[in-house]
Amino acid sequence: MTDPVLSIRGLTKRFGGLTAVNNVSWDVYPGEVVALLGDNGAGKSTLIKCVSGVYTADEGEIYFQGRRSHFARPIDARRVGIETIYQDLALANNLDVPANIFLGREAKKSYFGGLIKTLDEKFMLREAHAGLDALDIRFPSLSQPIDSLSGGQRQAVAIARAVYWDARLMIMDEPTNNLGVPEQRKVQELIRKLRDQGVPVILITHTLPDVFAVSDRILVMHRGRKVTEKKTADTNSEELVRYMVGALDDTVNPVDV
Amino acid sequence: MTSSDAKAAARASVSRLPASKQFIIVASRLWAWAFLGLMIVFFVVAVPAVGGATFFTVRNSQNILVAITPVLLLGLGQTLVIISAGIDLSVGWVMSLASVLSALAIRSAFNAGIPLFPSVVIGFLAAVAGAGLVGLINGTIIAKLKVPAFIVTLGSSFIVRGVALLMSENTTVIGLPDGIRDYGNESLFYLVRGEGGGFYFFERPELSGEMLRQLDRILPYPVLVTAVVVAIAIFILRKTQFGRHTYAIGGNLQAALRTGIPVDSHIIKLYMLSSITAGIAGFLSTLRFTAGSAVIGDALLLSSIAAVIIGGVSLFGGAGTIMGTVIGSLIIAVLTTGLVMLNVQAFWQFIVVGVVVIVAVLIDQSRDLIVGRHGPGQGS
Ligand SMILES: Nc1ncnc2c1ncn2[C@@H]1O[C@H](COP(=O)(O)OP(=O)(O)O)[C@@H](O)[C@H]1O
Ligand SMILES: [Mg+2]
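Residues numbered from 1 in each chain as written. Chains lettered and ligands numbered in written order. Predicted model: local features only at pLDDT ≥ 70, side-chain atom pairs only at ≥ 80, totals over all residues. Heavy atoms only, no water.

## Remarks on the overall build of chain A
Now for step 1: Within chain A, the secondary structure is distributed over eight helices and 12 strands.
Now for step 2: With the C-alpha coordinates of chain A rotated into their principal frame, the extents come out at 70 × 40 × 35 Å.
Now for step 3: Taken across its 257 residues, chain A has 52% of its residues classed as buried.
Now for step 4: Nonlocal contacts in chain A, meaning residues at least 24 apart in sequence, comprise 63% of its contacts between residues at least 6 apart.
Now for step 5: Put simply, chain A shows about 11600 Å² of open surface, and 48% of that area lies on carbon and sulfur atoms.
Now for step 6: Counting 32 positive and 33 negative side-chain charges, chain A places the centres of these two groups 4 Å from one another. (Helix = DSSP H or I, 4+ residues; strand = E, 2+ residues; numbered from the N terminus. Buried < 20%, exposed > 50% of the residue type's maximum accessible area, 1.4 Å probe, protein only. Contact = heavy atoms within 4.5 Å. Areas by Shrake-Rupley, 256 points an atom, 1.4 Å probe, with all protein chains shown as cover. Lys, Arg positive; Asp, Glu negative; His and termini not counted. Charge placed at Lys NZ, Arg CZ, Asp CG, Glu CD.)

## Side note on unusual backbone geometry
Now for step 1: Phi angles above zero are rare outside glycine, and Asp136(A) is one such case at about 55°.
Now for step 2: Relative to the assigned elements, Asp136(A) resides in the loop between α4 (121-134) and α5 (151-164).

## A few points about the nonpolar core
Now for step 1: By size, the foremost hydrophobic cluster in this structure holds 100 residues, and its most contacted members are Phe43(B), Leu76(B), Ile310(B) and Ile331(B).
Now for step 2: Excluding residues that lie within four positions of it along the chain, Ile331(B) makes contacts with Ala32(B), Phe35(B), Leu36(B), Met39(B), Ile310(B) and Val356(B). (Core = buried A, V, L, I, M, F, W, Y, C linked by side-chain atoms within 4.5 Å.)

## Digging into the site of ligand 1
Residue and element names in this part refer to chain A.
Now for step 1: With respect to spatial proximity, the complete set of residues near ligand 1 consists of Phe15, Leu18, Ala20, Asp39, Asn40, Gly41, Ala42, Gly43, Lys44, Ser45, Thr46 and Tyr55.
Now for step 2: With respect to ligand 1, the backbone of Lys44 contributes an N or O atom lying 2.9 Å from an oxygen atom.
Now for step 3: Protein contacts shield 61% of the accessible area of ligand 1, which totals 560 Å² for the unbound molecule.
Now for step 4: Breaking the shell around ligand 1 down by element, the ones donating at least two residues are β2 (18-28) and α1 (44-51). (Near = heavy atom within 4 Å. Polar contact = N/O pair within 3.5 Å; in protein donor to acceptor, adjacent residues only side chain to side chain.)

## Structural notes on the sheet that holds strand β11 (residues 217-222) of chain A
Residue and element names in this part refer to chain A.
Now for step 1: The strand order across the open sheet built from six strands is β6-β9-β10-β3-β11-β12, with neighbouring strands paired in mixed fashion. Each edge of the open sheet is held by one strand with a lone partner, namely β6 (82-85) and β12 (225-231). Neighbouring strand axes in the sheet, compared pairwise and without regard to direction, differ in orientation by 20° on average.
Now for step 2: Direction of pairing for strand β9 (residues 169-173) relative to strand β10 (residues 201-205): parallel, over a ladder of four bridges. Its bridge partner lying in β10, Met172 is registered against Leu203.
Now for step 3: The strands that helix α6 (residues 181-196) touches are β3 (33-38), β9 and β10; relative to β10, the one it contacts most, it runs at about 155°. (Pairing = 2+ DSSP bridges. Axes fitted to C-alpha atoms, helices over the stretch in contact; angles between N-to-C directions.)

## Considering the side chain of Ser293(B)
Residues and elements named next belong to chain B.
Now for step 1: By secondary structure assignment, the location of Ser293 is in the loop between α11 (263-289) and α12 (300-310).
Now for step 2: Within polar-contact distance, the side chain of Ser293 engages the backbone nitrogen of Ile296 at 3.1 Å.
Now for step 3: Look past the residues within four positions of Ser293 in its chain and what remains in contact with it is Ser96, Ser99 and Val100.

## What about the layout of surface pockets?
Residues and elements named next belong to chain B.
Now for step 1: A volume near 660 Å³ is recorded for the second largest pocket.
Now for step 2: Secondary-structure elements contributing two or more residues to the lining of the second largest pocket are α3 (58-83), α11, α12, α13 (322-341) and α14 (346-371).
Now for step 3: Tallying contributions element by element places α3 first for the lining of the second largest pocket, with six residues.
Now for step 4: Grouping the constituent residues of the lining of the second largest pocket by class yields 17 nonpolar, nine polar and one charged. (1 Å grid on protein atoms, 1.4 Å probe; cavity = no way out; pocket = protein on both sides within 12 Å on 5 of 7 lines; lining within 4 Å. Points joined across faces, edges and corners; volume = space filled by probe spheres on them. Nonpolar A, V, L, I, M, F, W, Y, C, P; charged D, E, K, R; others polar.)

## Thoughts on the sheet that holds strand β1 (residues 187-192) of chain B
Hydrogen bonding along the main chain pairs the strands of a sheet, whether they run parallel or antiparallel.
Residues and elements named next belong to chain B.
Now for step 1: If you walk across this open sheet you meet the three strands as β2-β1-β3, and the pairing is antiparallel. If you trace the sheet from one side to the other, it starts and ends with β2 (198-201) and β3 (215-220), each paired once. Averaged over all pairs of adjacent strands, the angle between their axes in this sheet comes to 20°, without regard to strand direction.
Now for step 2: Relative to β3, β1 runs antiparallel, the two sharing five bridges.

## Quick look at the packing of aromatic side chains
What describes a pair of aromatic rings is the distance from one ring centre to the other and the angle between the planes of the rings.
Residues and elements named next belong to chain B.
Now for step 1: Applying the stated criterion to the full structure yields 14 aromatic pairs over all chains.
Now for step 2: Relative to Phe201, the ring of Phe189 has its centre 5.4 Å away and its plane inclined at 45°; by these criteria the two rings are tilted. With Phe189 in strand β1 and Phe201 in strand β2, this pair connects stretches of sequence that are 12 residues apart.
Now for step 3: Overall, the relative accessible area of 21% leaves Phe189 in the partly exposed class.
Now for step 4: Looking at Phe201, the relative accessible area reads 54%, which means it is exposed. (Phe/Tyr/Trp six-rings, centres within 6.5 Å; stacked < 30°, edge-to-face > 60°.)

## Here we look at the side chain of Ser274(B)
Now for step 1: One can find Ser274(B) in helix α11.
Now for step 2: Discounting residues that sit within four places of it in the chain, Ser274(B) has contacts with Gly77(B), Gln78(B), Val81(B), Asp88(B) and Val91(B).

## Notes on the packing of α3(B) against α12(B)
Residue and element names in this part refer to chain B.
Now for step 1: Two elements in contact, α3 and α12, have axes separated by 8 Å at closest approach and are oriented at 60°. Here α3 lies oblique to α12, going by the angle between them. The two elements α3 and α12 meet at a crossing, and its hand is right-handed. Between α3 and α12, the contacting residues are Pro70, Val71, Leu74, Gly75, Gln78, Thr79 and Ile82 on the first element and Leu300, Leu301, Ser303, Ser304, Ile305, Ala307 and Val308 on the second.
Now for step 2: Looking at the contact of α3 with α12, its residues break down into nine nonpolar, five polar and no charged. (Parallel < 35°, antiparallel > 145°, perpendicular 65-115°, else oblique. Left-handed = near helix turned anticlockwise from the far one by under 90°.)

## A short note on the pattern of salt bridges
All names here are of chain A.
Now for step 1: The full count for this structure, using the stated rule, is 24 salt bridges over all chains.
Now for step 2: Arg78 is the salt-bridge partner of Glu83, the closest N and O atoms lying 3.8 Å from each other. By the burial criterion, Glu83 is buried, and Arg78 matches it.
Now for step 3: When the shortest N-O distance is used, the salt bridge between Arg225 and Asp249 registers 2.7 Å. Taken together, the residues Arg225 in strand β12 and Asp249 in the segment after α8 (237-244) connect sequence positions 24 residues apart.
Now for step 4: Classification of Arg225 by relative accessible area gives buried; the value is 9%.
Now for step 5: When its relative accessible area of 28% is taken as the criterion, Asp249 is described as partly exposed.
Now for step 6: Residues participating in the shared-partner salt-bridge network are Glu32, Arg217, Lys226 and Glu229. (Salt bridge = Lys/Arg side-chain N within 4 Å of Asp/Glu carboxyl O.)

Now the structure itself:
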């Protein structure tokens with residue numbers, strides 16, 4: 001395989017006496033969808049927050065595109081192309097699609113030598129169209145507040161935004177939660193499309209259908225530790241559940257049990 | 001299809017809504033205009049019927065415009081602040097402080113031998129600087145120390161009021177140069193009705209006796225200044241990144257933070273803008289009355305918030321327009337003027353304005369129930 005996009009080595013994060021992430025090492029390669037699986041409280045979100053700059057790890061190293069990385073704030077991670085889509089999506093429901101895709105990074109036109117700057121709505125609309133087209137996302141209208149879109153459509157806006165801003169690694173925290181079945185399918189389709197475009201995706205989830213629908217590889221966490229790493233093709237739901245509940249454990253480490 | 005899908009499909013676009021709902025959306029968007037129009041028609045008919053003067057005259061329309069300038073100016077800054085999901089309770093008293101500051105500045109400048117116009121400019125700068133400082137302090141405490149805006153601006157209202165009374169030594173600041181009166185009361189156009197009358201631009205015709213009563217001032221300077229501020233506010237809110245960020249912060253603070261919008265400094269700027277528009281109102285009142293007053297803005301806070309709400313700005317943040325606030329201010333002014341001309345007693349005026357405020361919110365809420373809080377009925 002080629003060089004990993006993301007390498008985590010011996011990552012540990014503690015909250016007081018609680019070790020939320022315990023000595024996890026992990027690689028993510030270009031063009032793959034990796035499912036990060038585990039029961040509630042397993043440490044999935046904490047691990048991912050260390051990667052996306054929300055938390056600073058207590059121990060261990062993170063390498064992104066081969067370089068040792070320290071992300072003090074989420075914005076630092078975003079600058080190098082690590083886009084995290086949380087459950088709340090970070091969208092402004094009162095604004096339309098182009099406004100959301102360009103939120104915080106609006107395109108502007110200058111007048112009087114830069115003295116007055118106005119929003120370049122035409123450019124943003126055009127780019128939004130192009131960005132959505134590239135992912136085969138279609139909406140009846142882009143110029144309505146996204147409040148009028150469905151949950152899945154909003155998820156699509158968030159994904160399109162990340163892709164538009166050149167995401168090199170997409171992290172999605174439980175993206176299909178709170179979605180109806182048809183909408184879940186659409187989001188899964190989008191995740192596959194991302195992979196086909198070479199953007200690796202880390203999919204945090206505790207629902208198995210997601211895992212089998214889109215992932216190439218699976219990492220299972222239990223009580224902060226990585227208990228196994230498997231190719232999706234080489235496993236089944238039954239086995240994964242046993243890893244998730246701690247009945248199976250590939251690491252031989254009796255101290256932790 | 002799940003129920004959430006069905007709901008989403010129903011909300012996907014206006015054109016797919018049934019006609020009755022579409023009607024509600026359009027009506028809720030236009031009701032303020034319609035109400036304003038109906039009210040004017042009503043007063044045009046009703047005022048002469050009770051033996052009053054003609055309602056719809058040039059003079060009366062200009063009087064109404066002059067009357068709304070302070071409420072509207074306070075409402076402009078308030079609109080920006082409320083769209084960002086904040087509130088500024090200090091605007092009325094900031095206006096008073098600015099009135100006192102500009103009066104003191106003009107008087108000292110003029111007494112120090114500075115000519116009239118530069119003295120007025122100094123008065124303007126004093127008003128804006130004093131007001132801007134209050135906004136800076138309000139905004140900093142709200143943004144950096146995370147104290148709720150309601151509390152901060154409530155507290156600063158008292159402080160500002162105290163400072164204004166202290167600086168004015170508990171009385172009206174008088175002794176301003178006579179020429180001030182012209183700045184506050186003259187206008188761009190003049191209309192002299194009747195025989196020997198005419199239309200004059202910029203220069204007030206020399207008139208005496210009976211003829212003086214035939215003189216109408218069209219677009220008095222305070223109205224012009226306010227119109228310019230309105231235009232700037234519309235531009236900022238609709239056309240600039242600053243306006244976009246204001247809606248974003250009010251719509252979803254977390255999203256604004258995560259997408260890297262400089263939320264803290266933005267909030268500080270918003271409260272400064274709110275104070276500064278109040279400062280301009282205070283400055284204009286000093287010109288208009290040739291005096292500074294520490295109580296001039298006392299009653300205006302509630303009127304300005306009422307104007308903003310009647311104009312459809314959401315108190316939850318994220319939605320509203322400047323034109324809405326302009327209409328809201330007009331509704332209050334026309335209503336009050338009309339009721340006065342109908343010889344309706346003052347307490348009824350308050351009651352009617354209160355009813356209109358509540359009805360306005362009810363209309364917005366029923367629209368929100370049908371199409372969602374940020375549905376197609378609202379926008380920047
Ligand atoms: N900010 C925090 N402070 C203290 N404990 C935390 C914090 N965040 C997570 N935890 C704890 O760390 C453990 C792992 O949590 P989390 O990473 O959210 O798990 P998951 O995402 O797999 O459900 C849990 O026991 C949780 O209670
Ligand atoms: Mg989690």
